[in-house]
Amino acid sequence: MTKKSINPFRPGAGHSPPYLAGRDDEKADFAKLLKQTIVMDNPIVTGLRGVGKTVLLEELKQIAINSGWYWIGTDMSETASLTEDNLATRLMADLAVVTSHFVVGRKEAITSWFHPVNVGADLTLGHDLLLEIYNRAPGLVTDKLKAVLELVAKVLAKENRGLIFAYDEAQNLSDHAKDKQFPLSVLLDVFQSLQRKEHRFLLTLVGLPTLFPKLVEARTSAERMFHVITLDRLNDDDARDAITRPIHKNSGPLQPNESLVTSIIEASGGYPYFIQFICREVYDVASQKAEKGEPLTVSIPDITRKLDADFFAGRWAKVTDRQRDLLWVIAQVENYGVDFSVLEIVALASQLVKKKRLISGFSSSLANQMLTKLSRLGFVYKTQHGRYSFAVPLLGQFIRRQVR
Ligand SMILES: Nc1ncnc2c1ncn2[C@@H]1O[C@H](COP(=O)(O)OP(=O)(O)OP(=O)(O)O)[C@@H](O)[C@H]1O
Ligand SMILES: [Mg+2]
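In this text, all values refer to a predicted model and were calculated from it rather than measured experimentally.

1. As for the sheet that holds strand β6 (residues 201-207)
Pairing in this open sheet of 5 strands is parallel, and the strands run β2-β5-β6-β1-β7 from one edge to the other. Single-partner strands in this sheet number two, and they are β2 (70-75) and β7 (226-230). Neighbour-to-neighbour, the strand axes of the sheet open up by a mean angle of 15 degrees, direction not taken into account. Relative to β6, strand β1 (residues 42-46) runs parallel, the two being bridged by 3 bridges. Within the sheet, the bridge partner assigned to Val-45 lies in β6 and is Val-206.

Structure, rendered in structure tokens:
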């Protein structure tokens, strides 16, 4: 019996792949933004679920640190974006990790509103001090945050370094007009104002395709403030690397075989999560066959069924029959893999009714209403051009596989 080898593939949110394929253009794009002397363009990394945003962010972090930037960041939770105060708390907690070793002379720390008690000594910018400055600074949350960050900027200027705030899941950022809380606008205002004063803070936001339109909706000036880096499926060469490099390195049971690689590329659509998922399954099958001394045979349809059960079925279970009808109609639109309009859906639905393939059609207003609901459920999103796209990769193909 052969020794059991460890499966190298890692399908899972934020799990580093055994080989991170492609993404050279995106990394170069980001590296260019680090070279700005006066920060005017802030990177946004956006793309569908599972396309590889989080693991790329880890790489970008290394690039930034190697270029001498300080880096702080976490996931932006909905709670952090509930109120302006929560956002400020989030930013200062993150900031303190880097600044707690920053020393500020007492002269720098003394302003008209902030007189440190211990006037003889230098101060370190730990969390307590950041919070104290925040609390004592006059004005609104925006003013208070600016006061804190301007003091930090003084140290950064002396060190001739910049600082990056990087937030993943940034589509969670929102203003809440109903509660008179505008954390998203506060964030944008603070960075815009600091950057205008030529302080070297860079804001990096990572999230689903809804992120950028959301920022622009909060502040039209956001359009000029950000540089959008869109992650797409891997091209065939990169997908091939993602599949074969980990097994080349590995002397395990699975060896690259052209027809198998081609069918994995096809079944995954080049989407990184699906590549990892399918490869892990194939690898397990290969291990089991090798243990029994059997030749390797892989059934992609079996693996696809497992993917349907593990990845799509949970989502599918959340929608009503009528919503399923609508999604099914969408998956029959010619360009369903790219985008679609309400008009197209409504027209196609009435044709399908005539052909007796659908019981009843949809009016424009009903379709609109249902799409809003479905975008809240994470199935579709509205593109910048007022059309809609599926928010989950290969969702259209999954829907077409479902027996009605
Ligand atoms: N360039 C790549 N090459 C190979 N595998 C990759 C690549 N990028 C991502 N992956 C794999 O794809 C999966 C999803 O990656 P990740 O969690 O970074 O996606 P995401 O876009 O952040 O997803 P979500 O929208 O759910 O946050 C992980 O299993 C990861 O290992
Ligand atoms: Mg992620």
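2. Brief notes about helix α16 (residues 364-376)
The end-to-end C-alpha distance of α16, which contains 13 residues, comes to 18 Å, matching closely the 18 Å that a straight helix rising 1.5 Å per residue would cover. All of the buried residues along α16 are Ala-367, Met-370, Leu-371 and Leu-374. Here the buried residues of α16 occupy an arc of 105 degrees about the axis, which is enough to place them on one side. Facing away from the buried side of α16 by more than 90 degrees, the exposed set consists of Ser-365, Gln-369, Thr-372 and Arg-376. Contact partners of the buried residues in α16: α14 (321-330), α15 (342-354), β8 (380-382) and β9 (388-390). Phi for Gly-378, located one or two positions after α16, is positive at around 85 degrees.

3. So, the environment of Lys-53
Relative to the helices and strands, Lys-53 resides in helix α2 (residues 53-66). The exposure class assigned to Lys-53 is buried, which follows from the 23 C-beta atoms found within 10 Å. Sequence-wise, Lys-53 and Ala-13 are 40 residues apart; in three dimensions their C-alpha atoms are separated by 9.6 Å. If we skip the residues at most four places from it in the chain, Lys-53 touches Val-45, Gly-47, Val-206 and Leu-231.

What counts and how
- Residues numbered from 1 in each chain as written.
- Chains lettered and ligands numbered in written order.
- Predicted model: local features only at pLDDT ≥ 70, side-chain atom pairs only at ≥ 80, totals over all residues.
- Pairing = 2+ DSSP bridges.
- Helix = DSSP H or I, 4+ residues; strand = E, 2+ residues; numbered from the N terminus.
- Axes fitted to C-alpha atoms, helices over the stretch in contact; angles between N-to-C directions.
- Expected span 1.5 Å × (residues − 1).
- Buried ≥ 20, exposed ≤ 12 C-beta atoms within 10 Å, placed from the backbone.
- Arc of directions from axis to C-beta.
- Contact = placed C-beta atoms within 7 Å.

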